[in-house]
Amino acid sequence: MALLDILVYPDPRLRNKALPVETVDKAISQLIDDMAQTMYAAPGIGLAATQVNVAKRIVVIDTSENQDQLQAFINPVPTGTGEQVETEEGCLSLPGVIVPVKRHSEVRVSALGKDGKPFELHATGLLAICIQHEVDHLDGKVFVDYLSQLKRDRIRKQLLREGRGSDKSSGQHKESVPAI
Ligand code: NI
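Figured I'd write up the structure that's included with this text. (Residues numbered from 1 in each chain as written. Predicted model: local features only at pLDDT ≥ 70, side-chain atom pairs only at ≥ 80, totals over all residues. Heavy atoms only, no water.)

**Overview of the coordination of the nickel ion**
To keep it simple, the criterion reads: The rule for donors is simple: N, O or S, within 2.8 Å of the metal, or within 3.2 Å if the metal is Na, K or Ca. Water isn't counted, so a site may look like it is missing partners. Here the metal geometry follows the donor angles, with tetrahedral for four donors whose angles all fall between 85 and 135 degrees, square planar for four and octahedral for six when opposite donors are more than 155 degrees apart and every other angle is between 65 and 115, and irregular for all the rest.
Each protein donor to the nickel ion is listed here as Cys91 (SG), His133 (NE2), His137 (NE2) and Ile180 (O); together their distances run 2.1 to 2.2 Å. Between the four donor atoms coordinating the nickel ion, the angles at the centre fall across 90 to 151°, so the site counts as irregular.

Below you can see the structure in the form of structure tokens.
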């Protein structure tokens with residue numbers, strides 16, 4: 001396994017639109033292992049392939065308390081249901097940035113698993129938020145896109161200033177807001 005570099009906003013490659021995976025082969029399985037290792041090391045609870053500069057529709061998530069229940073979603077297609085809820089989100093591509101984002105409280109998602117088999121899931125709570133956040137990444141979208149231009153510019157400047165040379169682990173995530 002290998003640790004992958006996580007792109008940091010405003011890196012333009014975060015705007016790439018990921019393409020569907022056509023065959024779930026060994027290389028895809030290896031990529032999922034590497035993404036999982038990268039996510040756990042960051043530390044974070046979700047990571048999209050776009051964030052490690054791979055334009056494939058792959059997401060890994062682990063919202064379990066002990067970080068021992070990895071879920072891989074290949075070609076995920078979520079349908080948001082339920083009411084809109086606002087929660088504070090963090091993102092591995094925006095270290096130290098916490099912003100409130102409105103999303104559906106529940107999602108139904110269909111995807112392929114790491115074994116290449118299709119599955120469906122009804123997600124609620126943090127997992128539902130996480131799935132929507134990660135699929136946004138696959139579509140070249142980051143959560144600051146939901147903010148006003150003014151706030152977005154401020155965050156962009158802040159990250160550019162902190163940017164190069166600063167250790168990734170120096171992102172001051174609030175303990176209560178895991179990065180996704
Ligand atoms: Ni993110």
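**Looking at the pairing of strand E4 (residues 94-112)**
Here is the rule: Here, a strand pair is defined by DSSP locating no fewer than two bridges between the strands. Secondary structure follows DSSP: runs of H or I at least 4 residues long count as helices, runs of E at least 2 residues long count as strands, and numbering of each begins at the N terminus.
Where strand E3 (residues 71-91) lies against E4, 14 bridges are found, and the strand directions are antiparallel. Following the sheet pairing, Thr81 is matched in E4 by Glu106. Connecting E3 to the next strand, E4, in antiparallel fashion are two residues. Where E4 lies against strand E5 (residues 118-124), seven bridges are found, and the strand directions are antiparallel.

**Side note on the pattern of salt bridges**
What counts, and what does not: Salt bridges are defined as contacts in which a side-chain nitrogen from Lys or Arg sits within 4 Å of a carboxyl oxygen from Asp or Glu. When a residue's accessible area, from a 1.4 Å probe over protein chains only, is under 20% of the maximum for its type it is buried; when over 50% it is exposed; and in between it is partly exposed.
Counted under the stated rule, the structure contains six salt bridges. When the shortest N-O distance is used, the salt bridge between Arg13 and Asp11 registers 2.8 Å. With relative accessibility at 37%, the residue Arg13 sits in the partly exposed group. Judged by its relative accessible area of 15%, Asp11 is buried. The partner of Arg103 in a salt bridge is Glu89, and the shortest N-O contact between them spans 2.7 Å. Taken as a pair, Arg103 in strand E4 and Glu89 in strand E3 lie far apart in primary sequence, 14 residues in all. Both residues of the pair, Arg103 and Glu89, count as buried. Taken together, the shared-partner salt bridges in this structure form one network comprising Glu89, Arg103 and Asp136.

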